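Secondary and tertiary structure notes
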Amino acid sequence: MSKSGESRAVPPGALFVAAGEELLIFPSTAVARKLLEAGEAAEGLYSAAYGPTGEPYRIGFKADRVLVERTAEAVRPDELKALLLRHLEACEDPADATQPFEEIVAIAWSIEEDYRLRCSPSGNRIGSRIPVWGYGAGALTLAALWYFGWR
């Protein structure tokens with residue numbers, strides 16, 4: 001449940017990635033592949049990854065590409081639940097360890113969605129049409145045009 005009381009469904013392809021002390025939450029493995037760093041994968045920073053029901057994934061790399069692969073290992077909801085409880089505690093929104101697993105997953109997902117919506121009116125915090133540096137480049141271009149050409 002989000003703070004507003006509205007429940008948001010966790011996408012079936014969502015990915016929860018342990019990265020040091022942080023937990024990174026992605027709506028899909030495709031988005032995770034795009035945003036995770038190959039160098040960090042090479043260093044072993046991504047120590048664990050799980051789908052929304054606790055299915056384990058392996059984060060690897062090949063050349064400069066990140067690989068995200070479902071393993072054949074058994075589902076591990078208890079491991080994902082422990083990561084989520086730590087994450088929620090770090091977010092200062094602790095969950096009760098006695099809550100059902102699915103509810104804790106939904107709470108963590110909802111917090112991520114609320115954050116994504118706050119960061120972008122379209123709700124797309126991940127990959128907007130204009131990168132952040134693009135705004136700076138545009139401002140510098142306008143300043144240069146004004147200084148050199150529009151005087």
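Report on the accompanying structure. Model, not experiment: these values are computed from the prediction.

**Section: the environment of Arg86**
Within the element layout of this structure, Arg86 appears in helix α3 (residues 77-90). A relative accessible area of 55% means that Arg86 is categorised as exposed. C-alpha of Arg86 to C-alpha of Glu21: the two residues are 65 residues apart in sequence and 9.0 Å apart in space.

**Examining the environment of Pro11**
Looking at where Pro11 falls in the secondary structure, it is placed in the segment before β1 (15-19). The spacing of Pro11 and Ser28 is 17 residues in sequence and 7.6 Å in space, taken between C-alpha atoms. Leaving out residues up to four positions away in the same chain, Pro11 has contacts with Pro27, Pro52 and Trp109.

**Considerations on the pairing of strand β5 (residues 65-70)**
Each regular strand carries side chains that alternate between the two faces of the sheet. As defined by bridge partners, strand β4 (residues 56-62) adjoins β5 across six bridges and the pair is classed as antiparallel. Note on β5: the bridge partner recorded for Gly60 is Leu67. Connecting β4 to the antiparallel partner β5 that follows it, the hairpin turn spans two residues, and Ala63 within it adopts a positive phi of roughly 60°.

**Topic: α3**
Its 14 residues give α3 an end-to-end C-alpha distance of 20 Å, which sits within 8% of 20 Å, the value for a rise of 1.5 Å per residue. Of the residues making up α3, those classed as buried are Leu80, Lys81, Leu83, Leu84, His87 and Leu88. Projection of α3 onto a plane perpendicular to its axis shows the buried side chains occupying an angular sector of 165°, all on one side. For α3, the exposed residues set more than 90 degrees away from the buried face come down to Asp78, Arg86, Glu89 and Ala90. Taken together, the buried residues of α3 touch β1, β2 (22-26), β3 (46-50) and α4 (101-119).

Conventions used here
Every chain is numbered independently, its residues counted from 1 as its sequence is written. For a predicted model such as this one, the threshold for reporting local features is a pLDDT of at least 70, and the threshold for listing and counting side-chain atom pairs is 80 or more; totals across whole chains, interfaces and linings nevertheless cover every residue. Only hydrogens and water are removed before side-chain values are computed, so all heavy atoms of the structure are retained for them. Only DSSP runs of H or I with at least four residues qualify as helices, and only runs of E with at least two residues qualify as strands; both kinds are numbered from the N terminus onward. Exposure categories follow from relative accessible area, calculated using a 1.4 Å probe and restricted to protein chains: below 20% of the type maximum is buried, above 50% is exposed, and the middle band is partly exposed. We call two residues contacting when some pair of their heavy atoms lies within 4.5 Å. Pairing between two strands is assigned when DSSP locates at least 2 bridges connecting them. Working rule for helices: expected span equals 1.5 Å times residues minus one. Think of the arc as the fan of directions from the helix axis to the C-beta atoms.

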